[in-house]
Amino acid sequence: TNTPDTHVHTGIVFLWVTFGIMVFSAFAFFLSVIRARTEKIRKFSATYVIICSVAATAYMSMAFQQGFVRKENGRQFYYARYIDWAITTPLLLFELATLAGAGSTLTFLIVILDEIMIITGLFGGLSVRRGPTWIWFGMGCLAFLPIFYLITIHFRKYLNEHTRTPYTVQSIGLTVLWIIYPICWGLTDGGYVISVDYEHLWFCILDVLAKCVYGAFTVFVFRNALPYSEGY
Ligand code: RET
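Computed from a predicted structure; not experimentally measured.

Rules and cut-offs
Residues numbered from 1 in each chain as written. Predicted model: local features only at pLDDT ≥ 70, side-chain atom pairs only at ≥ 80, totals over all residues. Heavy atoms only, no water. Disulfide = S-S within 2.5 Å. Core = buried A, V, L, I, M, F, W, Y, C linked by side-chain atoms within 4.5 Å. Buried < 20%, exposed > 50% of the residue type's maximum accessible area, 1.4 Å probe, protein only. Helix = DSSP H or I, 4+ residues; strand = E, 2+ residues; numbered from the N terminus. Contact = heavy atoms within 4.5 Å. Near = heavy atom within 4 Å. Polar contact = N/O pair within 3.5 Å; in protein donor to acceptor, adjacent residues only side chain to side chain. Areas by Shrake-Rupley, 256 points an atom, 1.4 Å probe, with all protein chains shown as cover. 1 Å grid on protein atoms, 1.4 Å probe; cavity = no way out; pocket = protein on both sides within 12 Å on 5 of 7 lines; lining within 4 Å. Sits in = over half its atoms within 2 Å of the grid points. Nonpolar A, V, L, I, M, F, W, Y, C, P; charged D, E, K, R; others polar. Axes fitted to C-alpha atoms, helices over the stretch in contact; angles between N-to-C directions. Parallel < 35°, antiparallel > 145°, perpendicular 65-115°, else oblique. Left-handed = near helix turned anticlockwise from the far one by under 90°. Phe/Tyr/Trp six-rings, centres within 6.5 Å; stacked < 30°, edge-to-face > 60°. Points joined across faces, edges and corners; volume = space filled by probe spheres on them.

(A) Examining the state of the cysteines more closely. Taken as a whole and judged by the stated rule, the model has 0 disulfides. Cysteine 141 takes part in no disulfide bond, and the closest cysteine sulfur, belonging to cysteine 184, lies 13 Å away. For the unlinked cysteine cysteine 184, the closest cysteine sulfur is that of cysteine 204, found at 10 Å.

(B) Layout of the nonpolar core. Grouped together as the largest cluster of nonpolar side chains are 61 residues, with contacts concentrated most on Met22, Ile110, Ile147, Ile151, Phe155, Tyr167 and Trp178. Sorting the residues of this core by element identifies helix H1 (10-35), helix H2 (39-63), helix H3 (80-100), helix H4 (104-126), helix H5 (130-152), helix H6 (164-190) and helix H7 (196-221) as the ones contributing at least two each. The biggest single contributor to this core is H2, with 11 residues. Setting aside chain neighbours within four positions, we find phenylalanine 155 in contact with Ala97, Ala100, Ala102, Leu106, Ile110, Leu150 and Tyr167.

(C) View of the site of the ligand. Neighbouring the ligand are 16 residues, the closest being Thr89, Trp178, Tyr181, Asp207 and Lys211. Interatomic distance of 3.0 Å between a side-chain N/O atom of lysine 211 and an oxygen atom of the ligand. Protein chains shield 100% of the accessible area of the ligand, which is 540 Å² for the free molecule. Applying the majority rule of atoms within 2 Å of the grid points places the ligand in the largest cavity. For the shell around the ligand, the secondary-structure elements that each account for two or more residues are H3, H4, H5, H6 and H7. Taken together, the residues that form the shell around the ligand break down as 11 nonpolar, 3 polar and 2 charged.

(D) Just the packing of H1 against H2, in detail. It is the contact of H1 with H2, at a shortest axis distance of 8 Å, that shows an interaxial angle of 160°. With respect to H2, the axis of H1 lies roughly antiparallel. Helix-helix and strand crossings are classified by hand; for H1 and H2 the assignment is left-handed. Counted by class, the contact of H1 with H2 contains 20 nonpolar, 5 polar and 1 charged residues.

(E) The arrangement of the packing of aromatic side chains in detail. Taken as a whole and judged by the stated rule, the model has 16 aromatic pairs. Seen from their ring centres, phenylalanine 29 and tyrosine 48 are 5.2 Å apart, and the 35° between their planes marks the pair as tilted. Linking phenylalanine 29 in helix H1 with tyrosine 48 in helix H2, this pair joins segments that are 19 residues apart in sequence. Across the pair, tyrosine 48 and phenylalanine 29 agree in class, each one buried. With a centroid separation of 5.0 Å and an interplanar angle of 20°, the aromatic rings of phenylalanine 123 and tryptophan 136 are classed as stacked. Residue phenylalanine 123 is located in helix H4, and its partner tryptophan 136 is located in helix H5; the two are separated by 13 residues in the primary sequence. Taking the relative accessible area as the measure of exposure, tryptophan 136 reaches 30% and is therefore partly exposed. Put simply, the rings of Phe77, Tyr82, Trp85, Tyr181 and Phe203 touch in pairs and so form one group of aromatic residues.

(F) Structural detail: empty space enclosed by the protein. According to the stated counting rule, one finds 1 cavity of 30 Å³ or more in the structure shown. Here the largest cavity is characterised by a volume of approximately 330 Å³. If you go around the largest cavity, you meet 21 residues; those closest to its centre are Trp85, Met117, Ile118, Tyr181 and Pro182. Among the secondary structure elements, those contributing two or more residues to the lining of the largest cavity are H3, H4, H5, H6 and H7. Counting residues per element, the lining of the largest cavity draws most heavily on H5, at 5 residues. Residue composition of the lining of the largest cavity, by class: 15 nonpolar, 4 polar and 2 charged.

As structure tokens, then:
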């Protein structure tokens, strides 16, 4: 837990590799923007350019050993992740809500609940005292519950024959991946069970899956269903 600031540890390799994957993905999605056949496909693709570019920026800050603070107990806390998530997770939910055809009220609600969830993770991670850490975490999980409900149950009401299969695949992928985040948080920023190097490894894997792979399904696999989604 007590890695010197300037020492190049294994985790930095994971951060640079993920930075590279994010830059590559941003360009791949940009290609999809350029080649889009309809405005809907162009909008979905553009959102993933933003998501991967924001992540690339956060990863560069962490790889340069800038995006963290050292807590009183000596452990590094990488707040750069939360800046990334505060911008990218609402966009991911906005996309999924749009694919479903959910109206603007529920889309707005799910985005704000998501912001609350990310900010509770930030405050929980900044806490050194154990009590506030886990109370923040509990509050974050509380915000995650309605998000989970909307995605897995409520949004399905708005599906049509074209969007049903893509939404089902995307929503299962999203919920499975997103449930792993709080578990990973509990073992890293929250509970210090996993070292900072492995914290990087696990969040790198999760972020590549939740942004690049997940986005590739939307934009490259299900692109022909996108024009049939409501709104946006
Ligand atoms: C926190 C801690 C508080 C409780 C919960 C959390 C959930 C975080 C999630 C993050 C998802 C991030 C993604 C990033 C990149 O694409 C904040 C860890 C529930 C679900 C998808």
